[in-house]
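Commentary on secondary and tertiary structure
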Amino acid sequence: MGDDREAGVKVAVRCRPFNQREKDRGAKLIIDMNGAMTTIQNPETPNEEPKKFTFDFSYWSHDGYNEKDDGYLEAQPGSKYSSQRRVFEDLGQGVLDNAFKGFNCSLFAYGQTGSGKSYSMVGYGNNKGIVPITCDELFKAIEAGDKATKYEVTFSMLEIYNEQVRDLLSKDNPKGGLQVRQNPKLGLFYVVGLKKVAVGSYAEIDKRTQEGTANRTVASTNMNATSSRAHTVVTITFDQISKNEAGEETKKSSVINLVDLAGSERADSTGATGDRLKEGANINKSLSALGNVISALADLSGGKKKVMVPYRDSVLTKLLQNALGGNSKTVMIAALSPADINYDETLSTLRYADRAKKIKNKAVVNENPLDKLIRELREENEKLKKQMGGAMPVAGGAGMDPADGTYSKEEIERMRKEMEEEIRAQLLANQEQMKDMDESFEEKLKRNREEQEAMGAAQANTQDRKNKDPHLVNLNEDPMLSGVIFHFIEPGEMTIGRKDASPPPMIPLTGLSISKQHAVITFENNEATVKPGEQGAKTKINGVPLTGPTTLQHLDRVLFGSNHMYVFHNPLNPKAPENTPSKIDWDFAQKEIAKHKGFDTASAGMTKEQIIAQEQILELLPMVSEVNAISEELNKHRTFEVILISGAAMEGYGSKKGAKVVVKMKNLLNGNTWLWERGKFMNRRYMIQELYQRHLDGDEDVMKIPKEEDPFWEPPEDVLIGTANVFLQSLSYALDFDDKLAVTDYKGVEEGNLYVNITPCSDKGKPLDEDFFVEDPQELLGKPFHYKVTIKSAEVNKAKYSKGLHIKYKVYQDEDVTSTPVIKDTLSPEFKHHRIITYPAVNEDQLGYFEHGCITFQLYGVQEDSVNDNRLMKMTTKELRQMEQLQNPGMQRRQTISGEASEESKLRNELEVLKKKFERLEKKEKRIQDLCSEWKGKPAEEQQFEPFWRHVSAVANSSGNKLKTRVEILNTMLKGQKMLRAKQSSDGSGANVIQSQKAMQGGGTAGAQNGSNGSINSGNGSKACVIQ
């Protein structure tokens, strides 16, 4: 047992290149590496010092490489690029060396989806990852090893998804997955009934890996599982049997666990933290539990006492107990996304890895005489059999007597049954192990090779046929799972549908929205035609719904149901339609579907925010399709759609926030709607998947769960009907605004009208008269200013909103939202809402708000959890969704609105301000004309110039700079009038003319009567005074 020692978990981080999406959006690099140190720069604070982390290895694989003719990526001379081989030599070789010494070894990859975990673990093409290289080198070392030693290698492959274990080397897994139990003697957990196959070469492991990948692809497609949320565990058991000095056969055994963990996306990073059911999904349970285990183990290794390590909290942590905190040499590789958009996730990954490196394990060599192992197993079996046959230890134990009242008879009986089940399971496991020991490795190897030969013949046939015969090949969001499933098209008619159809289909498919007779493909004269197999069967060709017979062309994309995506290949007629790319991937197919749903998928000329929104749409569309299909199957009376809401629709014109991608859920029974942020929807989707999986497993309680636990249910909440914008230019001239505003929803559809008044006023709310009008907004600076917001009433178009209506809004620098009372039982609510806003001294920011800002009034409707039409209750969700689509045929094409409605509103407001300015000037001019007329009508002896001058001056000074200029002209005229009167009294002349030219804006009634010369006339004794 020598060579026992305590060692820390070895931790490496690796940074991948930018992917195409990141290049398209002009992503910025936030990661740098120097030796073992990794730094990360916060893109929001570029002047701050980067955060620094040190690991055993920091692998730079972002750039500095060349691609050879065979596709292998190698480092450029002098670059710091780390190739696949370099990573293996540092990490995989150590795993291999320790395995030969008899240590258990574990290597697991951690990181967000798309960060490069699978590339490091499995690789792609000639760039093989750690797993295949390790397996290859293992058999090379066996070939070169001691001939007196007997080597035995067994291989298993499993997947953990949604807390269920699936054996990937088996096509048939029990409902609910394989059970995980604990060995009471060793304290370790194991998977009951997991298939372990004997392998004698790397080629055999490679074929088994392909088999596991194919089974994983079929299962994930059938079960709507998201492959990025599944953990894959490959276990290689490596036994070395030799004779010791005493001549006894001893077995040195090493268990090598190679774990590709699910994507580490945090719920809070996508907005799911506001969800009332945020703790409900099993999908994130394993990774959360893994984080808690790592933290607890790090505390233990740091000297903390009484730390409980929560291995039992998830299936993953149960199976990784030995790897993380026990008898194992463990390596962790954390994959890093290098782009600025992934800063939070990448920082989280670095902190996770930093905690893991603090864990200390005590690994021991697993070496025991074979006879001893067999003897111990037999002894344990006899002991278990006695327990099964005799009195159970539960009875008579402390508190186990029904008489003492601690436990009821029912509880004691239940515990007795549970213990019997555990003992029986352990007995079966021991018997299986003994049977396994009785069968020689050579016999196991022969049996598994025979099984593999049959599979190999089928694989060879597939490879041969795909170059000659027309076929469908699968597409998957995980590139590793694309191109795995082939369906060959035979001459004549081929039926596609559910396997429970009668007669059975030639291509059986399982999963959401697959009908019994789903589709029929006819192949004649080297041409394939597809048509629906029954009414309502959902199939899309190149993103367009299939409604009748359609000819399939080479490289056409075919979607059966919700998630069976294929590409059609026709080697007999290999001409693809124009502009079809030579290589079709998942993203291309999803963009095509999005385009036909009305979303713009071109990225040219887009901003970074727009590209991110587009990516989120492409990500959510297949998820929404899946959730709609589950809603139909479970008859939940809900429909979902992806919508894009502009910042203006959310927060008003001029919002600095970009468009937001959300999912709208609608209750088909009463029309209630909810808008879910992306993170909340994704969180609910995982719960919906879990619910559906329980349904598939035969759990009848799924249809009876309380609504509070149902991920499809949400309590009613007020719905945003639409918004109306009031632009405030009028306030910058001390003018009022009074108008009927259109209320538009996020699609730009008019939902009603709102009557609003914005009036400059006194501090008591009294409207200012016309004398306070200013022509230059700068005159308001430094002065106190008050204005009153009045919401008079509204008119709403749709009757469903009569349950209650209210308005919410915010003005400049408001922290809290102002709300009106709820007005019920009317579509024409009288709000009669008033609010006075006061600025003690107007500053530049407030003036800028007047000139360029607006108030966005949000009209909300009250929703109630009731059904208005009981006839709808008799309809299925599928029928209700079809009815909804018939009633709203343009729905798919109107998923977003730009700022057009707000721009129109702004222009209308500017026109209104100009009109009001014109009206005020006209009024001022009319007042001065009236003063002139009054003055003219007086006898000469009563024409006192000083009072007349003061009145005109007051009116002009209240009207802005241009009228001040006019009063200066009038002053000159008055002075001249005095001189004329003095002269008249001396020489008796009654004629005088004073002309003054002034170019004016707009024009008034006087201009029409007196031409355009803008003259002021007094002559021929008429004493007429006209100001234009």
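Everything numeric here is computed off the predicted structure, so don't read it as measured data.

1. Section: the sheet that holds strand 31 (residues 557-560)
One open sheet holds the six strands; their spatial order is 23-22-32-31-28-29, and the pairing between them is antiparallel. Two strands in the sheet have a free side with no partner beyond their single neighbour: strand 23 (486-488) and strand 29 (544-545).

2. Quick look at helix 4 (residues 130-143)
With 14 residues, helix 4 ought to run about 20 Å at 1.5 Å a step, and its terminal C-alpha atoms sit 20 Å apart, in line with that. Judged by how many residues are buried, helix 4 sits mostly within the fold: 10 of 14 residues are covered. Within the span of helix 4, buried status applies to Ile130, Val131, Pro132, Ile133, Thr134, Cys135, Glu137, Leu138, Phe139 and Ile142.

3. A short note on unusual backbone geometry
Cis geometry marks the peptide bond from Ser502 to Pro503, where omega comes out at 0 degrees. Looking at the element boundaries, Pro503 is found in the loop between strand 24 (492-497) and strand 25 (507-508). For Glu163, which is not glycine, the phi torsion reads 65 degrees and is therefore positive. Positionally, Glu163 belongs in the loop between strand 12 (150-161) and strand 13 (164-167). Given a relative accessible area of 18%, Glu163 falls into the buried group. For Asn526, which is not a glycine, the phi torsion comes out positive at approximately 65 degrees. As for its position among the elements, Asn526 is in the loop between strand 26 (519-524) and strand 27 (527-532).

4. Quick look at the UniProt feature "binding site: ATP" (unreviewed entry) in the protein
Sequence positions flagged by UniProt for "binding site: ATP" (unreviewed entry) are, in local numbering, Gly111, Gln112, Thr113, Gly114, Ser115, Gly116, Lys117 and Ser118. The class for Thr113 is partly exposed, based on a relative accessible area of 38%. With residues up to four places along the chain from it excluded, the contact list for Thr113 reads Ser228, Gly263, Ser264 and Glu265. For Gly116, the location among the structural elements is in the loop between strand 9 (105-110) and helix 3 (117-121). Overall, Gly116 belongs to the buried group, its relative accessible area being 19%. When sequence neighbours within four positions are dropped, the list of residues in contact with Gly116 reads Arg16 and Ala335.

5. Quick word on the packing of helix 6 (residues 285-301) against helix 9 (residues 343-356)
Relative placement of two packed helices is described by the angle separating their axes and the distance separating the axes. Their axes nearest at 8 Å, the elements helix 6 and helix 9 cross at an angle of 40 degrees. By the angle class used here, helix 6 and helix 9 are oblique. Between helix 6 and helix 9, the contacting residues are Leu287, Leu290, Gly291, Ile294, Ser295 and Ala298 on the first element and Tyr352, Arg355 and Ala356 on the second. Residue composition of the contact of helix 6 with helix 9, grouped by class: six nonpolar, two polar and one charged.

6. Focus: the pattern of salt bridges
If you walk through the whole model with that rule in mind, you get 40 salt bridges. Taking the shortest distance from any N to any O, the salt bridge between Arg86 and Asp90 comes out at 3.1 Å. Linking Arg86 with Asp90, this pair stays in helix 2 (residues 84-101), spanning four residues, or about one helical turn. In this structure, Lys357 engages Asp354 in a salt bridge whose closest nitrogen and oxygen atoms are separated by 3.0 Å. Each of the salt bridges in this network shares a partner with another, and the network as a whole consists of Arg85, Glu89, Asp136, Glu137 and Lys140.

7. Looking at a negative patch on the surface
Residues Glu67, Asp69, Asp70 and Glu74 make up a contiguous surface patch of negative charge. Turning to its location among the elements, Glu67 is positioned in strand 7 (residues 65-67).

8. A closer look at the environment of Met875
Looking at the element boundaries, Met875 is found in the loop between strand 43 (854-861) and helix 18 (877-887). It is 9.4 Å that separates the C-alpha atoms of Met875 and Leu669, two residues lying 206 residues apart in sequence. Among all residues touching Met875, those that are not within four sequence positions of it are His637, Leu880 and Met883.

Rules used throughout
- Residues numbered from 1 in each chain as written.
- Predicted model: local features only at pLDDT ≥ 70, side-chain atom pairs only at ≥ 80, totals over all residues.
- Heavy atoms only, no water.
- Pairing = 2+ DSSP bridges.
- Helix = DSSP H or I, 4+ residues; strand = E, 2+ residues; numbered from the N terminus.
- Expected span 1.5 Å × (residues − 1).
- Buried < 20%, exposed > 50% of the residue type's maximum accessible area, 1.4 Å probe, protein only.
- UniProt positions renumbered as here; feature names shortened; annotations may be inferred.
- Contact = heavy atoms within 4.5 Å.
- Axes fitted to C-alpha atoms, helices over the stretch in contact; angles between N-to-C directions.
- Parallel < 35°, antiparallel > 145°, perpendicular 65-115°, else oblique.
- Nonpolar A, V, L, I, M, F, W, Y, C, P; charged D, E, K, R; others polar.
- Salt bridge = Lys/Arg side-chain N within 4 Å of Asp/Glu carboxyl O.
- Patch = residues over 30% accessible without salt bridge, like charges linked within 9 Å, V, L, I, M, F, W, Y side chains within 5 Å.
- Areas by Shrake-Rupley, 256 points an atom, 1.4 Å probe, with all protein chains shown as cover.
- Lys, Arg positive; Asp, Glu negative; His and termini not counted.
- Charge placed at Lys NZ, Arg CZ, Asp CG, Glu CD.

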